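Inside the fold
Read off the chains here:
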There are 4 protein chains.
Amino acid sequence: MICLFQNLQEPERLKTLPDRTRAIDEADKALRRQSLLQSALRLFLEQPTNLPSVQAIATEAGLAKGTIYLYFDTKEEIFLAILTHLYDGILSELLTNLESEPQVAQSVAATLSAYTRRHPAFLPLASMNTTILERNVKPDLVMQLKTRLYEGIALISQALNKRYPTLSLSECAQLLINTQALVLGLWQMHQMPETVRSALIASNMSLLAPDFHETLKAGITCLWQSLSNH
Amino acid sequence: MICLFQNLQEPERLKTLPDRTRAIDEADKALRRQSLLQSALRLFLEQPTNLPSVQAIATEAGLAKGTIYLYFDTKEEIFLAILTHLYDGILSELLTNLESEPQVAQSVAATLSAYTRRHPAFLPLASMNTTILERNVKPDLVMQLKTRLYEGIALISQALNKRYPTLSLSECAQLLINTQALVLGLWQMHQMPETVRSALIASNMSLLAPDFHETLKAGITCLWQSLSNH
Amino acid sequence: MICLFQNLQEPERLKTLPDRTRAIDEADKALRRQSLLQSALRLFLEQPTNLPSVQAIATEAGLAKGTIYLYFDTKEEIFLAILTHLYDGILSELLTNLESEPQVAQSVAATLSAYTRRHPAFLPLASMNTTILERNVKPDLVMQLKTRLYEGIALISQALNKRYPTLSLSECAQLLINTQALVLGLWQMHQMPETVRSALIASNMSLLAPDFHETLKAGITCLWQSLSNH
Amino acid sequence: MICLFQNLQEPERLKTLPDRTRAIDEADKALRRQSLLQSALRLFLEQPTNLPSVQAIATEAGLAKGTIYLYFDTKEEIFLAILTHLYDGILSELLTNLESEPQVAQSVAATLSAYTRRHPAFLPLASMNTTILERNVKPDLVMQLKTRLYEGIALISQALNKRYPTLSLSECAQLLINTQALVLGLWQMHQMPETVRSALIASNMSLLAPDFHETLKAGITCLWQSLSNH
DNA sequence: TATGAATGAGCGTTCATTCAT
DNA sequence: CATGAATGAACGCTCATTCAT
């Protein structure tokens, strides 16, 4: 089986190329690409409401602005690559945890909650996907993300189906998609300026300003309750 | 009962002010404001991926650019107003239909499906809310949207709670929030360039390019299945 | 003798017209005009680097924006009127003090120093005269200012000439003009952001950041030393 | 002696970079910067009442608007640079002429008169310095101008002091500052629309519409008469 | 491959002034 | 005379992308 997740790179293991050195062979190029992704990610995390500027990314990576365009066609492509990677990550963890955990719904909820904590760029980027990223990226890169997503979902669906044979493969897949949709939507609804958040709480409307992770778990539990019926 | 939704204006009933006429009294001003909202909406629907430019909105409304700033502080404010209005609309319909329909989950799904069809700006705008709109709008307008949302949810929760007394008010509210999150997320996942859509179908991954309204109904049914347990 | 300075109005004696009342007769109109001038001046003093907006002036005066244009053709006209008034004031004081004081140069210096202190709008406005005000005002209003200036200078020159008969009338006049030029120039050279001022002092260049009033006195003394020769 | 005025560039000697060519090394960059300054200056001289627009400057220089911002942070910075340069120029000439001319006051007057004729942008820009330029420029650029001014004044003061040992260094410096103030003020008082000028002459008030250069000489002579006493 | 100078489209907003009421 | 809604010109600046070197 081709591994979906070949792209995963532990940053700490990453050998870095000296700045302003020419990346000749494929390995060096990949390294440089990774380094750009790391820089972009780092800057994005500093202010997850905006994509950082190309200049900032280049500077952060110790390279020139033009160099970035040797590795990516547009700025958005960089972040779509990061997002793709993050999708890979979450799918991979879901699969792993599914197999080891007895309580499926709880496992899913816990995995998602932990993952979004450990990867605070995931949901902000996922939220921008439709609105910002895909709009400025070649279709085949969008397809790449979708394909990865599809394959991940397929694998997880199979695992699920093995444990809950009464649930069809496509029901499993749909459940996963719904889960991702729910997480994405909850995160966006939960996102707001700090002033608004405190105003909401002050006005007894904390329903709209809840702890994201709490809500996440509850929501997933609700969505996955069908499993307990099977 | 105080009606939340007094703001709803059927565009077709709207008397329009002749162009370049002065809106002196409050009624005329409201009319002009509505007309700007209509123009903005119309242009947005032509290309729901970008907010139209202020100049375009003004021209569409037969007014000068500066006039817009007599009615709105920023461009985003216009679209937040539209979105607020659309949230009012959906909440109102949910409430109405809930009371008349026997099958609650189906009613909710059908209402949402129909509403998003009739108001194709709803989900695109809702998707931009966090990322684009709220970022350039005074906090109290964000609060206004949230408050309306809260009050709508409160009313619907009460109606739900009346029919399913085993479900607590806050469980009902949370269910509604989850529903909105799910719809939002599904719409975003379902959103893609036409080329991508056909590529997905060609590659046997139509799972990721489904009919939105189908998926919506299935998703809501899944989320609301708890009701059948009560 | 026709008084040059009929325009001088002690603000405290000013009867004010109730807001939004129609000014029918000439006296009422003059009152309203004065009130607009006062409002404009008050706002300008709050931020003497920019002319306040017409809207701000109207609001401050309790009137509508359009009303201002019943009294002045352009915004700059308002400030040219204020400046004219302030020129009247300084000329009048110079004349008065000249007659009572024995030491002419010192009298002039002291008068100017005191006047600019009491009327902090004088030099800022005078500095804007060429660059901003006269550019957007009908020539005959500029002429009015010049005429007043001329007549004031003429009167003072006569007084000077009486005391120093060896100085021709036109030499006296020129001396006055040079004095005004010097004051204006010194004020502009002395004007700077606070940060720059402290940087200058820190760099041992306090020559360029002196006390304005000190410099003023020294400068005038220097310019007027010819008198002691006569 | 380190020359303060190394920046002086005779425009006619300036090698120009071909349009749309890249300025790679520092020399070319300096050339391009000079060319932008020249263009800005040229346009300003066409209408010395307003700073030309950035677009106009770019077009005049055969470059794109954005390019300007590679060389200057704001539009005002361009003109502050020109003004700094012009201050360098006048200080340099004053110093040179002082050393060669026997009659100091006359030398100063003649130098200033000639310089302002040859550099018609000098006084208009100097007049805008406080009101317009320094307001939109980083403090350290203002400081640069001040520093240059200070150093120029220091050098000239030394030269003066050598010839008139009874005048202290700081008296010399102050005399120079007063001179600059006087020139600036006279220029502003002398500045007026052509219509006003002819009206003044027609009304026998030519005192207020004199030949600037005449007045300048007379004024400086008056200010510098102290020297003859020493 | 790397650079970074050059490009130029894109846009929201302010505000003095006009003028219908 | 008073109002204030409507006007629309004016403009600096950013920044993703290109491309000559």
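The structure this text deals with has already been given above.
All of the points below concern the structure found in this document. Keep in mind it's a predicted model, so treat the numbers as computed, not measured. (Residues numbered from 1 in each chain as written. Chains lettered and ligands numbered in written order. Predicted model: local features only at pLDDT ≥ 70, side-chain atom pairs only at ≥ 80, totals over all residues. Heavy atoms only, no water.)

Comments concerning the overall build of chain A
The number of helices and strands found in chain A is 11 helices and 0 strands. Walking chain A from its N terminus toward its C terminus, one meets helices and strands in the order α-α-α-α-α-α-α-α-α-α-α. Of the contacts formed within chain A by residues at least 6 apart in sequence, a portion of 67% connects residues at least 24 apart. A total of about 10,700 Å² of accessible surface is found on chain A, and carbon and sulfur atoms cover 53% of it. (Helix = DSSP H or I, 4+ residues; strand = E, 2+ residues; numbered from the N terminus. Contact = heavy atoms within 4.5 Å. Areas by Shrake-Rupley, 256 points an atom, 1.4 Å probe, with all protein chains shown as cover.)

Section: the interface of chain B and chain A
Every contact between the two is made by 50 residues of chain B and, on the other side, 49 residues of chain A. Between chain B and chain A, roughly 4,300 Å² of surface is buried when both sides are summed, and carbon and sulfur atoms account for 72% of that area. Linking chain B to chain A there are 0 salt bridges. There are 8 residue pairs in polar contact (both at pLDDT 80 or more) connecting chain B and chain A. Mapped onto the side of chain B that touches chain A, the elements with two or more residues apiece are helix H6 (122-133), helix H7 (139-163), helix H8 (169-190), helix H9 (194-202), helix H10 (212-224) and helix H11 (226-229) of chain B. The biggest single contributor to the side of chain B that touches chain A is H8 of chain B, with 14 residues. Along the lines of polarity and charge, the residues of the side of chain B that touches chain A split into 27 nonpolar, 20 polar and 3 charged. (Buried area = accessible area lost by both parts, 1.4 Å probe. Salt bridge = Lys/Arg side-chain N within 4 Å of Asp/Glu carboxyl O. Polar contact = N/O pair within 3.5 Å; in protein donor to acceptor, adjacent residues only side chain to side chain. Nonpolar A, V, L, I, M, F, W, Y, C, P; charged D, E, K, R; others polar.)

What to know about the nonpolar core
Generally speaking, a soluble globular protein has its nonpolar side chains buried in company with each other. Residues Phe79, Leu125 and Trp224 of chain A together with Phe79, Leu125 and Trp224 of chain B are the most contacted members of the largest nonpolar core, which totals 157 residues. The residues contacting Phe79 of chain A, other than those within four sequence positions of it, are Ala40, Phe44, Leu51, Pro52, Ile57, Leu125 and Leu133 of chain A. Core analysis: the next-biggest nonpolar cluster, separate from the first, contains 156 residues, Ala109, Phe122 and Ala159 of chain C together with Ile90 of chain D among them. (Core = buried A, V, L, I, M, F, W, Y, C linked by side-chain atoms within 4.5 Å. Buried < 20%, exposed > 50% of the residue type's maximum accessible area, 1.4 Å probe, protein only.)

Observations regarding the relation of the copies chain D and chain C
Overlay of chain D on chain C (RMSD 0.3 Å): rotation 179°, translation along the axis 0.1 Å. The operation mapping one copy onto its partner corresponds to a two-fold rotation axis. A high fraction, 98%, of the interface residues of chain D reappear at the interface in chain C, so the copies pair face to face through one surface. (Least-squares fit on C-alpha atoms with pLDDT ≥ 70 in both.)

Quick notes on the relation of the copies chain B and chain A
Laying chain B over chain A is done by rotating through 179° and shifting 0.1 Å along the axis; what remains is an RMSD of 0.3 Å. Interface overlap between copies: 98% of the residues of chain B at the interface are likewise at the interface in chain A, consistent with a symmetric, same-surface contact.

Structural notes on the packing of aromatic side chains
Aromatic ring pairs are defined here through the distance separating the ring centres and the angle between the ring planes. Residues and elements named next belong to chain B. Tallied over the full model, the rule gives 12 aromatic pairs over all chains. Ring centres of Tyr87 and Phe122 lie 5.1 Å apart, and the angle between their planes is 90°; this geometry places the pair in the edge-to-face category. Placement of Tyr87 in helix H4 (residues 75-100) and of Phe122 in helix H6 is noted, with a sequence separation of 35 residues between them. Pair check on accessibility: Tyr87 and Phe122 agree, each one buried. Measuring from ring centre to ring centre gives 5.7 Å for Tyr115 and Phe122, while their planes differ by 85°; the resulting arrangement is edge-to-face. The class for Phe122 is buried, based on a relative accessible area of 0%. (Phe/Tyr/Trp six-rings, centres within 6.5 Å; stacked < 30°, edge-to-face > 60°.)

Structural notes on the protein's contact with DNA strand E
The full set close to DNA strand E counts 41 residues, and Arg22 and Arg32 of chain A, Lys75 of chain B together with Arg22 and Thr67 of chain D are the nearest of them. Between DNA strand E and the protein, one listed contact pairs a phosphate oxygen with a side-chain N or O atom of Tyr69 of chain B at 3.0 Å. Between Lys29 of chain D and DNA strand E, the recorded distance is 3.2 Å, taken from a side-chain N or O atom to a phosphate oxygen. Mapped by element, the contributors of at least two residues to the surface near DNA strand E are helix H1 (26-46) and helix H3 (65-71) of chain A, helix H3 (65-71) of chain B, helix H3 (65-71) of chain C together with helix H1 (26-46) and helix H3 (65-71) of chain D. Its residues assigned to classes, the surface near DNA strand E comprises 14 nonpolar, 12 polar and 15 charged. (Near = heavy atom within 4 Å.)

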